[in-house]
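Secondary and tertiary structure notes
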Amino acid sequence: MSPVPGTGEAGAPEEDYRRAGLGGRLTPGASPALLLVDPARAYVDPACPLYAGAGAEGAAEAMRELLSVARRAGIPVIVTRVLLRPDGSDGGVFYRKVPSLRAFVEGSPYAEFIEGLAPREAELMVTKQYPSAFFGTALSTYLTSHGIDTLLIAGLTTSGCVRATALDAMQHGFVPVVVEEAVGDRDPGVHAANLFDIRHKIGEVWGVGRVTEYLSRGGM
């Protein structure tokens with residue numbers, strides 16, 4: 001049986017990555033923002049083809065906790081949603097590759113926010129058509145104009161829009177911190193493998209408790 005990524009067993013990926021010089025540490029800055037990536041009903045409603053099971057349901061609960069912590073800390077909150085034209089034409093190749101994205105066409109109940117995870121009036125909602133929250137949106141400009149240096153990332157799903165967003169955050173110069181309990185995927189193995197890869201090549205992976213402590217210190 002192949003070792004699980006990150007177990008540290010002899011010959012396991014953790015040791016291989018260490019020898020390869022992968023897995024340096026990024027230090028989050030003093031000006032963070034919280035980004036909830038696509039907390040949509042599609043992922044928690046068993047009637048939807050995109051339903052991601054218990055992993056998504058657990059992540060939604062952790063997202064509510066994280067959102068409450070962020071609001072108490074007074075940091076900027078951004079929430080993304082996917083919204084497509086009725087024919088999916090603005091989804092381009094992505095829509096052709098993943099036909100179940102029809103769950104996000106205008107008027108679909110699956111495109112609505114999970115209960116308790118909708119942005120408030122003063123918080124930014126970013127509408128997107130592709131995996132990354134940065135692609136084709138004004139997110140980078142918003143973060144730069146607000147002096148943000150660190151992006152706390154939660155949402156759905158780990159292997160899709162969360163990973164794409166974390167990668168683009170790093171490429172745009174923001175320190176990405178993916179919140180482990182507050183992201184989820186339909187397959188536990190895929191979820192774990194993507195967190196492993198994010199931790200070693202893209203950003204940091206922290207638990208909700210560590211994020212709460214970080215924010216209690218004023219983002220230091």
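So, here is what we can say about the structure in this document. Since the structure is predicted, the reported quantities are computational estimates derived from the model, not experimental observations. (Residues numbered from 1 in each chain as written. Predicted model: local features only at pLDDT ≥ 70, side-chain atom pairs only at ≥ 80, totals over all residues. Heavy atoms only, no water.)

Let us look at the sheet that holds strand β3 (residues 124–128). If you walk across this open sheet you meet the six strands as β3-β2-β1-β4-β5-β6, and the pairing is parallel. Of all the strands in the sheet, the pair left with one neighbour each is β3 and β6 (204–206). Adjacent strand axes in the sheet meet at a mean angle of 25°, parallel and antiparallel pairs treated alike. Relative to strand β4 (residues 150–156), strand β1 (residues 32–37) runs parallel, the two being bridged by six bridges. Among the inter-strand pairings, A33 is bridged to a residue of β4, identified as L151. In the packing of helix α2 (residues 53–73) onto the sheet, contacts are made with β1, β2 (77–82), β4 and β5 (175–184), and the angle to β5 comes to roughly 130°. Of the strands in this sheet, β5 and β6 are in contact with helix α6 (residues 188–201), which crosses β5 at around 165°. (Pairing = 2+ DSSP bridges. Helix = DSSP H or I, 4+ residues; strand = E, 2+ residues; numbered from the N terminus. Axes fitted to C-alpha atoms, helices over the stretch in contact; angles between N-to-C directions. Contact = heavy atoms within 4.5 Å.)

Another aspect to go through is the layout of surface pockets. Considering only enclosed or pocket space, the largest pocket measures out at about 250 Å³ in volume. As for the largest pocket, its lining consists of 16 residues, of which Y43, L50, V98, T157 and G160 are closest to the centre. Top element by residues in the lining of the largest pocket is helix α5 (residues 158–171). It accounts for three residues. (1 Å grid on protein atoms, 1.4 Å probe; cavity = no way out; pocket = protein on both sides within 12 Å on 5 of 7 lines; lining within 4 Å. Points joined across faces, edges and corners; volume = space filled by probe spheres on them.)

Among the residues making up helix α7 (residues 208–216), those that are buried are V208, V211, Y214 and L215. Across the axial projection of α7, the buried residues extend over an arc of 120°, all falling on one side. Opposite the buried face of α7, by more than 90 degrees, sit the exposed residues G209 and S216. Its buried side turned inward, α7 meets β1, α2, β4, β5 and β6. (Buried < 20%, exposed > 50% of the residue type's maximum accessible area, 1.4 Å probe, protein only. Arc of directions from axis to C-beta.)

Counting 44 residues, the largest nonpolar core has L34, L36, Y43, M63, F104 and L152 as the members making the most contacts within it. Counting only elements with at least two residues in this core, the list comes to β1, α2, β2, β4, β5 and α7. When neighbours within four sequence positions are excluded, M63 is seen to be in contact with L36, P39, L117, A154, G155, L156 and A182. Counting 24 residues, the second-largest nonpolar core is a separate cluster that includes A33, I153, F174 and L195. (Core = buried A, V, L, I, M, F, W, Y, C linked by side-chain atoms within 4.5 Å.)

So, on to the side chain of S100. Within the element layout of this structure, S100 appears in the loop between α3 (92–97) and β3. Look past the residues within four positions of S100 in its chain and what remains in contact with it is P49 and L50.

Once that is clear, we can look at the pattern of salt bridges. For the coordinates displayed, the defined rule picks out twelve salt bridges. Among the ionic pairs, E15 bridges to R19, the shortest N-O distance being 3.5 Å. You can see E15 and its partner R19 sitting in helix α1 (residues 13–19), four residues apart, about one turn around the helix. Overall, E15 belongs to the partly exposed group, its relative accessible area being 26%. In this structure, R19 and D16 form a salt bridge, with 2.5 Å as the shortest nitrogen-oxygen distance. Of this pair, R19 and D16 are both found in helix α1, three residues apart, which corresponds to roughly one turn of the helix. On the basis of relative accessible area, D16 is assigned to the partly exposed category, the value being 33%. (Salt bridge = Lys/Arg side-chain N within 4 Å of Asp/Glu carboxyl O.)

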